[in-house]
Amino acid sequence: MTSAIAQSQENFTLLLAANKIKWFRRQLTSWATLNLREFPWRTTTDAYTIFIAEFLLQKTSANTVAPIYADFLTRYPTLEDLATASVAEIAILLKPLGLHFRADRLYQSVRVIIEQYDGKIPASEAQLLSLPGIGLYTARSICANAFAQPLAILDTNVARILERFFGLQGNRVKSRCKLLWSAAEYVAPKTSVSRWNLTLLDFGAGVCTARNPSCGICPLRSQCNYAKINLDMNHE
């Protein structure tokens, strides 16, 4: 595995050519104008509500989270309200989402925010990473969506798009792959990174899916490494 990663890193700038990145961005930006999904946490920049949404979205689909998110904010509309709750109360509300440890980590994070950050959601990646249950993806999503910071994200959807389109090969655990994180940062635009991140998430969920991707209608197919390989195989 090490040699494969090293080989990919050596070819990094070749695979991620500037003109190809520019075309990639243009096609996806155009696709997003008609196809971005609508969720309540995408219509706000309020740090608390985005913090809650990102916590609930960990390893859980957006459609599953949406009704729980609404109920959660009705019951705990502010961080101060949530700080009065017990772990057991939070766990009952979040039970449909699975991940039994989520409630405890959320509770612990709220305690830290109250005690160390004066009840305000931290605005830096490093500070967010110090909170229980907050990983790199979640920290960067909060920074981008709540604080308009130009931070790219990487999850399985984003990793799949980057690997397929550019012909990259990351580690088995995509979320920890330095190569793919570098690629995500490299291809992200300098502005409107929050919308760019959402575009990749939705494109991976709706078009470039893990199984049976919609290559026939994909706006990236003419320059996609994955589509080219499949086309060549079908013509053999």
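Calculation rules
- Residues numbered from 1 in each chain as written.
- Predicted model: local features only at pLDDT ≥ 70, side-chain atom pairs only at ≥ 80, totals over all residues.
- Heavy atoms only, no water.
- 1 Å grid on protein atoms, 1.4 Å probe; cavity = no way out; pocket = protein on both sides within 12 Å on 5 of 7 lines; lining within 4 Å.
- Points joined across faces, edges and corners; volume = space filled by probe spheres on them.
- Helix = DSSP H or I, 4+ residues; strand = E, 2+ residues; numbered from the N terminus.
- Nonpolar A, V, L, I, M, F, W, Y, C, P; charged D, E, K, R; others polar.
- Axes fitted to C-alpha atoms, helices over the stretch in contact; angles between N-to-C directions.
- Parallel < 35°, antiparallel > 145°, perpendicular 65-115°, else oblique.
- Contact = heavy atoms within 4.5 Å.
- Salt bridge = Lys/Arg side-chain N within 4 Å of Asp/Glu carboxyl O.
- Buried < 20%, exposed > 50% of the residue type's maximum accessible area, 1.4 Å probe, protein only.
- Left-handed = near helix turned anticlockwise from the far one by under 90°.
- Phe/Tyr/Trp six-rings, centres within 6.5 Å; stacked < 30°, edge-to-face > 60°.
- pLDDT = per-residue confidence, 0-100.
- Core = buried A, V, L, I, M, F, W, Y, C linked by side-chain atoms within 4.5 Å.

Concerning the layout of surface pockets
- Within this model, the largest pocket holds a volume of roughly 970 Å³.
- Taken together, 35 residues form the lining of the largest pocket, with Leu-57, Gln-58, Lys-59, Tyr-137 and Asp-155 sitting closest to its centre.
- Top element by residues in the lining of the largest pocket is helix H10 (residues 136–147). It accounts for five residues.
- In terms of residue class, the lining of the largest pocket is built from 15 nonpolar, twelve polar and eight charged.
- Considering only enclosed or pocket space, the second largest pocket measures out at about 240 Å³ in volume.
- Lining the second largest pocket are 13 residues, with Trp-41, Arg-42, Thr-43, Ser-194 and Leu-198 positioned closest to its centre.
- Taken together, the residues of the lining of the second largest pocket break down into four nonpolar, five polar and four charged.

A few points about the packing of helix H3 (residues 18–35) against helix H13 (residues 193–206)
- Axis separation between H3 and H13 bottoms out at 10 Å; the angle between their running directions is 80°. In terms of orientation, H3 lies roughly perpendicular with respect to H13. Contacts between H3 and H13 involve Phe-24, Arg-25, Leu-28, Thr-29, Trp-31, Ala-32, Thr-33 and Asn-35 from the former and Arg-195, Trp-196, Thr-199, Leu-200, Asp-202 and Phe-203 from the latter.
- When the residues that make up the contact of H3 with H13 are grouped by side-chain class, the tally is seven nonpolar, four polar and three charged.

Description of the side chain of Gln-58
- Residue position: Gln-58 is located in the loop between helix H4 (47–57) and helix H5 (62–75).
- When near neighbours in sequence (up to four residues on either side) are disregarded, Gln-58 contacts Leu-99, Arg-102, Gly-133, Ile-134 and Thr-138.

Thoughts on the pattern of salt bridges
- If you walk through the whole model with that rule in mind, you get six salt bridges.
- Among the salt bridges present, the one from Arg-42 reaches Asp-202, with a minimum N-O distance of 2.7 Å. With Arg-42 in the loop between H3 and H4 and Asp-202 in helix H13, this residue pair connects regions lying 160 residues apart in the sequence.
- The partly exposed category is assigned to Arg-42, whose relative accessible area is 22%.
- Look at Asp-202 and you get buried, because its relative accessible area is 3%.
- Taken together, the shared-partner salt bridges connect Arg-37, Arg-42 and Asp-202 into one network.

Points about the packing of H4 against H10
- Packing of H4 against H10 leaves a shortest axis separation of 9 Å and a crossing angle of 150°. Looking at the two axes, H4 sits roughly antiparallel to H10. Handedness of the crossing formed by H4 with H10: right-handed. Of the residues in H10, those in contact with Ala-47, Ile-50, Phe-51 and Glu-54 of H4 are Tyr-137, Thr-138, Ser-141, Ile-142, Asn-145, Ala-146 and Phe-147.
- Split into classes, the residues belonging to the contact of H4 with H10 amount to seven nonpolar, three polar and one charged.

Quick look at the packing of aromatic side chains
- What the rule picks out here adds up to ten aromatic pairs.
- A centroid spacing of 5.8 Å and a plane angle of 75° characterise the contact between Phe-24 and Trp-196, whose relative ring orientation is edge-to-face. Here the residue Phe-24 occupies a position in helix H3, and Trp-196 occupies one in helix H13, the gap between them amounting to 172 residues.
- Residue Trp-196 is classed as buried on the basis of its relative accessible area, which comes to 4%.

Comments concerning the confidence of the model for the protein
- For the protein, per-residue confidence averages 92 on the pLDDT scale, and residues scoring 70 or more make up 93% of the total.
- Averaged over each element, pLDDT in the protein is lowest for helix H1 (residues 2–10) (47) and highest for H10 (98).
- Low confidence marks residues 1–7, where pLDDT is under 50. Its contacts with residues over four positions away, or in another chain, come to three contacts.

Points about the nonpolar core
- Core analysis: the biggest nonpolar cluster contains 41 residues, and Phe-51, Ile-52, Leu-56, Phe-72, Leu-82 and Leu-106 have the highest contact counts within it.
- For this core, the secondary structure elements donating two or more residues are H4, H5, helix H6 (79–83), helix H7 (87–94), helix H8 (102–116) and H10.
- A per-element tally of this core places H4 first, with nine residues.
- Not counting residues within four places of it along the chain, the set of residues in contact with Leu-82 comprises Tyr-48, Ile-52, Phe-72, Tyr-76, Ile-90, Leu-106 and Val-110.
- In terms of nonpolar packing, the next biggest core, distinct from the first, is built from 38 residues, Trp-23, Phe-24, Leu-180 and Leu-220 among them.

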